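Below are the chains, spelled out letter by letter.
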Amino acid sequence: PPAWDRAARPPPSPLQPPGLPLAPCRSFSNNKIQVDLDESSGVATMKFKSPPVNSLSLEFLTEFSISLEKLENDRACRGVIITSALPKIFSSGLDITEMCGKSMEHYAEFWRAVQEMWLRIYGSNMVTVAAVNGSSPAGGCLIALSCDYRIMAENPKFSIGLNEAQLGIVAPFWFKETFVNVVGHRTAESSLQLGSLHSAPEAHRLGLVDELVPEEKLMEKAAAVMAQWLALPDHARQLTKTMMRKAVVDRLVTHREEDIKNFVTFISKESIQKSLRTYMEMLKKKKR
Amino acid sequence: PPAWDRAARPPPSPLQPPGLPLAPCRSFSNNKIQVDLDESSGVATMKFKSPPVNSLSLEFLTEFSISLEKLENDRACRGVIITSALPKIFSSGLDITEMCGKSMEHYAEFWRAVQEMWLRIYGSNMVTVAAVNGSSPAGGCLIALSCDYRIMAENPKFSIGLNEAQLGIVAPFWFKETFVNVVGHRTAESSLQLGSLHSAPEAHRLGLVDELVPEEKLMEKAAAVMAQWLALPDHARQLTKTMMRKAVVDRLVTHREEDIKNFVTFISKESIQKSLRTYMEMLKKKKR
Amino acid sequence: PPAWDRAARPPPSPLQPPGLPLAPCRSFSNNKIQVDLDESSGVATMKFKSPPVNSLSLEFLTEFSISLEKLENDRACRGVIITSALPKIFSSGLDITEMCGKSMEHYAEFWRAVQEMWLRIYGSNMVTVAAVNGSSPAGGCLIALSCDYRIMAENPKFSIGLNEAQLGIVAPFWFKETFVNVVGHRTAESSLQLGSLHSAPEAHRLGLVDELVPEEKLMEKAAAVMAQWLALPDHARQLTKTMMRKAVVDRLVTHREEDIKNFVTFISKESIQKSLRTYMEMLKKKKR
């Protein structure tokens, strides 16, 4: 359970370790994500720490959404930097084991959690900066795309993209619209059809990431960008963000149940299940 | 009052200075804007001349809209070049004094004038070229964005952008859609949230302006671009322009009263009024 | 009549030349377009061969749509490369003689054939690659824009663009939306208003074509790109393509009769007819 809570401040939370003063930096660590909030700057850092590849399991997604909700409701928090605690990988995207050989009910629950995560981050009132310090396929890429700004380590071995088509599956319309809003229609169309994973330099050329920096400067740069965004008054910035993103968010909110139904129908097809099993076996062989 | 009028031609206008032949170049000068129409080329030049910074007061906006309407209805006029008669500034944007400490009725009247100006220029059947010969924040940027083509003096000290967020206010949806149509969603989203003022070279890189030229060549270049656009038959060009812009124009026409109401409610909030007063005081201190 | 037909396989088509085994490469040649399907790769090549300039006459369009429909329904075919058998020209676009001095019924029939061609190619489930080996104005450009990928010979003498405005006519909304999806709103707006024909290098800079290669490498490159696209599973790619293009396709399907009516009304105006006659006379003089 989280070590702090907006509702508990002030007075100092009874859940805080006894004997400690109200620290300028509060942390809580669940199983999958480490969260640190620097109260002096108003900036939280979320570090994915779910080995081996930060895959977005139901448990991960739930923890992610709850953490984002907490930060959203915490007046001390104005911005979030999202990064990975693992080397070479930001997040490998949706956990395929959650989509394979499970019940319809499980698929529905899982997809609702994916939606929830995206709604939280794409619709966040906080400034969100992705510090992409490793590869970031599929759902990992979606997280980055949903932030306000994307900085990536300039390592050409790291790649990023919505590669769902390579697995024989289709990104839902809200992945697509988030992508189009970042890279435009033409790039999105070919990249989605090809399930492209773009190297960091190529991703930068396409506008998929806003900036490349040497890996060791990534967090420093993310903090500097965040400070620049936080120099603006929150209220006007938030209303502006809402104006830019509301149409896409509303489309999912309106069609949420239908979108779940589509996913469940699609993913439970035998042909798709076979595709996913083949893909998982390929991944297992690679590991050996 | 204007020195010429479409309805008065032919025969030669009784309002023309007596004794002068029907000149190839007709001019009229109001308080805030100098208009010259070269009948041989069909090109009018509008020069903002409202010191110190061509701010868009209610009087300026009204004069601008009336001048545009006159030119629109004048068969001798096919294109307009918009520029500034003042050094270093194209237009500083909406006049903050019109939005500060006034009545609700005044805010409504002012906002209707802003809408009217944009509807006239974004929906104009004439070819419109902005010759941006100085800085152009907020409403000044909107005027440039609403033209068919933007040329800017390549002076890195000149900046342009929709920086409303820096004042704690929010650009309305039609500013946003005009901006997205020019620079795309990603650039618009971050630029609007940050209230960015882009230097001329950066504005060129982002596509916010189409071309940079040395300041002394600006009007020459604007005339050359205009000649290129006027080489096309008017009718097909106008229908094409309407096809490209109608959706955004219609959205404002349909929601015009609602948009005024939103503006009045927003701007008359005490928190916003305070923001604007602080901003004006900062500007005053800067001047000293 | 075509020399092969999906319905006839297997068993081997009675229409095939007797004595020949079921060849890995099947061809059929009508008057205007040569089609070759390589069954081993699943790739068909369509070569326009209608001298002097592959103009899109009613007959050409009909043959084009029928050929596309055949390939679409042929399980052996997964992708199509579209190119020209004539030197220096890909296609000169809609045949002006079909729009000049004919009956209202003829205009309606012709326009329906233009719509049909676009619906077939923009909505195709196959991978479509344009190998643009010559100039490609107006309707020729539309064909290229409607493919998944555009490769152009890097000859600066070859040009491409939607230059309808130069003829005094207006591209319909679905030309416009296809164009905006490729080059974005700003470029589409000025290019359509000016009726611009962009040289190959400029077209590449604008994103109107994805790649330039030396003319002698064009087909080789097209085959390589096709192989890359065909490496993906068809089903996911097709669903993704539909997701990206459905909105525009549906808009024409819904407004198809209205769009025909608009075209017929517009094109049969005496002022437009005069424009087209002038343009044709200019073309004739050029030829001499």
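Located above this text is the structure these notes cover.
Residues numbered from 1 in each chain as written. Chains lettered and ligands numbered in written order. Predicted model: local features only at pLDDT ≥ 70, side-chain atom pairs only at ≥ 80, totals over all residues. Heavy atoms only, no water.

Turning our attention to the packing of aromatic side chains. Counted under the stated rule, the structure contains 30 aromatic pairs over all chains. Measuring from centroid to centroid gives 5.0 Å for Trp118 of chain B and Tyr122 of chain B, while their planes differ by 15°, and the two rings are stacked. With Trp118 of chain B and Tyr122 of chain B both in helix α2 (residues 104-122), this residue pair falls 4 residues apart, about one helical turn. By the burial criterion, Trp118 of chain B is buried, and Tyr122 of chain B matches it. Site record: aromatic cluster; members linked through ring pairs are Trp111, Trp118, Tyr122, Trp174, Phe175 and Phe263 of chain A. It is Arg245 of chain C that lies over the ring of Tyr122 of chain C; its NZ or CZ is 4.2 Å from the centre. (Phe/Tyr/Trp six-rings, centres within 6.5 Å; stacked < 30°, edge-to-face > 60°. Helix = DSSP H or I, 4+ residues; strand = E, 2+ residues; numbered from the N terminus. Buried < 20%, exposed > 50% of the residue type's maximum accessible area, 1.4 Å probe, protein only. Lys NZ or Arg CZ within 6 Å of the ring centre and 35° of its normal.)

Phe64 and Ile82 of chain B are the most contacted members of the largest nonpolar core, which has 94 residues in total. If sequence neighbours within four positions are ignored, Phe64 of chain B has contacts with Ile33, Met46, Phe48, Ile82, Met117, Ile121 and Ile143 of chain B. (Core = buried A, V, L, I, M, F, W, Y, C linked by side-chain atoms within 4.5 Å. Contact = heavy atoms within 4.5 Å.)

On the chain C side, the residues contacting the 19 residues of chain A number 20 residues. Surface buried jointly by chain A and chain C totals about 1700 Å² across both partners, of which 66% is contributed by carbon and sulfur atoms. Of all residues in chain A, Arg186, Gln193 and Leu194 of chain A give up the largest surface area on contact with chain C, accounting jointly for 41% of the area buried on that side. Applying the counting rule to chain A against chain C returns 2 salt bridges. Applying the counting criterion to the chain A and chain C interface returns 8 residue pairs in polar contact (both at pLDDT 80 or more). Those elements that place two or more of their residues in the side of chain A that touches chain C are α4 (173-183) and α5 (185-194) of chain A. No other element matches the 8 residues that α5 of chain A contributes to the side of chain A that touches chain C. Broken down by class, the residue content of the side of chain A that touches chain C amounts to 11 nonpolar, 5 polar and 3 charged. (Buried area = accessible area lost by both parts, 1.4 Å probe. Salt bridge = Lys/Arg side-chain N within 4 Å of Asp/Glu carboxyl O. Polar contact = N/O pair within 3.5 Å; in protein donor to acceptor, adjacent residues only side chain to side chain. Nonpolar A, V, L, I, M, F, W, Y, C, P; charged D, E, K, R; others polar.)

Moving on to the interface of chain B and chain A. Interface size is commonly expressed as the accessible surface area that is lost when the partners come together. The interface of chain B with chain A comprises 19 residues on the first partner and 20 residues on the second. For the chain B and chain A pair, buried surface summed over both sides reaches about 1700 Å², with 66% attributable to carbon and sulfur atoms. Contact with chain A buries surface across chain B, with Arg186, Gln193 and Leu194 of chain B losing the most and accounting together for 41% of the total. Run the count over chain B and chain A and you get 2 salt bridges. The salt bridge partner of Arg186 of chain B is Asp210 of chain A, with a shortest N-O separation of 2.9 Å. Here chain B is connected to chain A by 7 residue pairs in polar contact (both at pLDDT 80 or more). Contributing elements (two or more residues each) for the side of chain B that touches chain A: α4 (173-183) and α5 (185-194) of chain B. At 8 residues, α5 of chain B tops the list of elements feeding residues into the side of chain B that touches chain A. A class-by-class count of the residues in the side of chain B that touches chain A yields 11 nonpolar, 5 polar and 3 charged.

For the rest of this paragraph, the subject is the sheet that holds strand β12 (residues 198-199) of chain C. Residue and element names in this part refer to chain C. Ordered by their spatial adjacency, 4 strands build an open sheet running β6-β9-β11-β12, and the pairing between neighbours is mixed. Across the chains shown, the open sheet's two edge strands, defined by having one partner strand only, are β6 (88-89) and β12. Judged from the 2 bridges that link them, strand β9 (residues 134-137) and strand β11 (residues 159-161) form a sheet pairing that is parallel. Of the residues in β11, the one forming a bridge with Pro137 is Gly161. Seen against the sheet, helix α3 (residues 138-146) touches β9 and β11 and runs at an angle of roughly 100° to β9. (Pairing = 2+ DSSP bridges. Axes fitted to C-alpha atoms, helices over the stretch in contact; angles between N-to-C directions.)

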